Amino acid sequence: MTVLDSFSLQGKVAVVTGASRGIGRALAQALGEAGASVAVTARTLEPAERAARELQAAGITALPVSLDVTDSAQVDRMVELVSEKLGPIDVLVNNAGISIGREALDTPDELWREVLATNLDGLWYCTKAVGARMVEQGGGSIVNIGSMSAMIVNRPRWQPAYLASKAAVHQLTKALAAEWAPHGIRVNALAPGYILTEASPVDQPEYREWCVEPAAMKRYGLPEELGPAVVFLAGQASSFMTGSVVVIDGGFTLF
Ligand code: NDP
């Protein structure tokens, strides 16, 4: 096997949560371009269908699936559907996430729960449901989309629930990496810095001082700049890697 062969995902089946737009959309495309069949999931079906059509137009096998990760019954149904239509799941990318910026004393408990329910509980449901299948299959690769927000406090918009959820994602990544290594399942995380998406409009002037200037590279990232790393973590290229958190932040956390 050549080094580039080790990056191939030919014949693999991947699920990406929150793949209708932003980072998830770019990761789905990267996995597809590397050869995987991809389940493109999101709560709202129409954008997921549109994303899947775009991937199909690029020659990728893509299956749109409606999925709210906060509902474990929907997660179980998604796993059934994908396994039936595409085959056993080799790669799970837990990307679905929300951030709600509120100061701690201004954060109602419902908002706290909503963030934790999506970013942590949702990831837990997907990981457990797919992980159980991976144990039966004798292996797989799980990539959790964490954040540099697990390591630093974002400014100027306080978002305590989001930060707590992402720190939990990083530690859960390590917990499951340790527990599931004997089953051939690798669990790693990607921790992006500021990436331009609908949820993160970091191209706006008010973000320049806080999100762009402090990064060593003095710019924000684009979703497609995370694609190569997820392909690496998904397949054979990272065969000796588990429990790692890969930071991709243009040098933001250097200081
Ligand atoms: P976007 O808001 O652009 O996209 C979020 C995606 O997740 C959409 O497809 C959305 O579709 C889906 N989604 C939201 N809630 C749920 C849910 N309950 N169940 C299933 N799908 C859901 O966000 P980004 O692309 O910016 O972020 C993606 C991930 O990357 C998140 O986990 C985020 O925390 C993380 N991240 C982002 C950074 C950034 O700067 N952008 C930096 C670091 C980490 P729908 O609403 O239809 O469900």
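Whatever comes next refers back to the structure up there.
Predicted model, so just to flag it, every value in this text is computed and none were measured.

Caption draft 1: Up close: the overall build of the protein. Within the protein, the regular secondary structure consists of 7 helices and 7 strands. Taken against the 2.2 N^0.38 rule, which gives 18 Å for 255 residues, the C-alpha radius of gyration of the protein at 17 Å falls within 12% of a compact globule. Based on the C-alpha atoms only, the size of the protein along its principal axes is roughly 45 × 40 × 40 Å. Split into buried and exposed, the 255 residues of the protein put 49% on the buried side. Residue pairs at least 24 apart in sequence account for 72% of intrachain contacts in the protein once pairs closer than 6 positions are excluded.

Caption draft 2: Here's a closer look at the site of the ligand. The immediate surroundings of the ligand are formed by 30 residues, with Ser20, Thr44, Asn95, Tyr162 and Thr197 found nearest. One of the side-chain nitrogen or oxygen atoms of threonine 197 is found 2.6 Å away from an oxygen atom of the ligand. For the ligand, the protein covers 94% of the area, taking 890 Å² as the surface of the free molecule. When residues of the shell around the ligand are traced back to their parent elements, those giving at least two are α1 (22-33) and α5 (160-180). Class assignment of the residues belonging to the shell around the ligand gives a composition of 13 nonpolar, 13 polar and 4 charged.

Caption draft 3: Representation of helix α6 (residues 205-212) in the model. Taken together, the buried positions of α6 are Tyr207, Cys211 and Val212. Each buried residue of α6 sits inside an arc of 80° when the element is viewed along its axis, so together they form one side. In α6, the exposed positions angled more than 90 degrees off the buried face are occupied by Pro205, Glu206 and Glu209.

Caption draft 4: Main features of the side chain of serine 37. For serine 37, the position within the fold is in strand β2 (residues 37-42). Dropping the residues within four chain positions of it, serine 37 is found in contact with Lys12, Val13, Ala14, Thr61 and Leu86.

Caption draft 5: Seen up close, the pattern of salt bridges. For the structure on display, the rule yields 8 salt bridges. A salt bridge links arginine 25 to glutamate 54, with the nearest nitrogen and oxygen atoms 2.7 Å apart. With arginine 25 in helix α1 and glutamate 54 in helix α2 (residues 45-57), this residue pair connects regions lying 29 residues apart in the sequence. Residue class for arginine 25 comes out buried when judged on its relative accessible area of 16%. One network of salt bridges, in which partners are shared, links Arg208, Glu213 and Lys218.

Caption draft 6: Molecular detail of the environment of glutamine 159. Its place among the elements puts glutamine 159 in the loop between β5 (140-145) and α5. Relative accessible area serves as the criterion here: at 8%, glutamine 159 is assigned to the buried category. The sequence separation of glutamine 159 and glutamate 103 amounts to 56 residues, and the corresponding C-alpha distance is 6.4 Å. Excluding anything up to four places from it in sequence, glutamine 159 contacts Ser99, Ile100, Gly101, Arg102 and Asn154. Here asparagine 154 takes part through its side chain, which lies 3.4 Å from a polar atom of the side chain of glutamine 159.

Caption draft 7: Main features of the packing of α1 against helix α7 (residues 227-234). For the pair α1 and α7, the least separation of the axes is 8 Å and the interaxial angle reads 55°. Viewed along their axes, α1 and α7 adopt a mutual orientation that is oblique. Both α1 and α7 take part in a crossing whose hand is right-handed. Contact residues: α1 offers Leu27, Ala30 and Leu31, while α7 offers Gly227, Val230, Val231 and Ala234. Here the residues of the contact of α1 with α7 are counted per class, giving 6 nonpolar, 1 polar and no charged.

Caption draft 8: Region of interest: the pairing of strand β4 (residues 91-94). Because side chains alternate across β4, one face comprises the buried residues Val91 and Val93, and the other comprises Leu92 and Asn94, equally buried. The pairing of strand β1 (residues 13-16) with β4 spans 3 bridges and is parallel. Across the sheet, valine 16 pairs through a bridge with valine 93, a residue of β4. Here 4 bridges tie β4 to β5, and the two strands are oriented parallel to one another. Considered in β5, the bridge of asparagine 94 is made with asparagine 144. Crossover connection from β4 via helix α4 (residues 109-137) to parallel β5: handedness right-handed.

Caption draft 9: Structural detail: α5. With 21 residues, α5 should reach 30 Å at 1.5 Å per residue; the first-to-last C-alpha distance of 30 Å fits that figure. Summarising the contacts, the buried residues of α5 are in contact with α4, β5, β6 (185-192) and β7 (245-248).

Cut-offs used in this document
- Residues numbered from 1 in each chain as written.
- Predicted model: local features only at pLDDT ≥ 70, side-chain atom pairs only at ≥ 80, totals over all residues.
- Heavy atoms only, no water.
- Helix = DSSP H or I, 4+ residues; strand = E, 2+ residues; numbered from the N terminus.
- Rg over C-alpha atoms; globule rule 2.2 N^0.38 Å.
- Buried < 20%, exposed > 50% of the residue type's maximum accessible area, 1.4 Å probe, protein only.
- Contact = heavy atoms within 4.5 Å.
- Near = heavy atom within 4 Å.
- Polar contact = N/O pair within 3.5 Å; in protein donor to acceptor, adjacent residues only side chain to side chain.
- Areas by Shrake-Rupley, 256 points an atom, 1.4 Å probe, with all protein chains shown as cover.
- Nonpolar A, V, L, I, M, F, W, Y, C, P; charged D, E, K, R; others polar.
- Arc of directions from axis to C-beta.
- Salt bridge = Lys/Arg side-chain N within 4 Å of Asp/Glu carboxyl O.
- Axes fitted to C-alpha atoms, helices over the stretch in contact; angles between N-to-C directions.
- Parallel < 35°, antiparallel > 145°, perpendicular 65-115°, else oblique.
- Left-handed = near helix turned anticlockwise from the far one by under 90°.
- Pairing = 2+ DSSP bridges.
- Right-handed = clockwise from strand over helix to strand, strands pointing away.
- Expected span 1.5 Å × (residues − 1).

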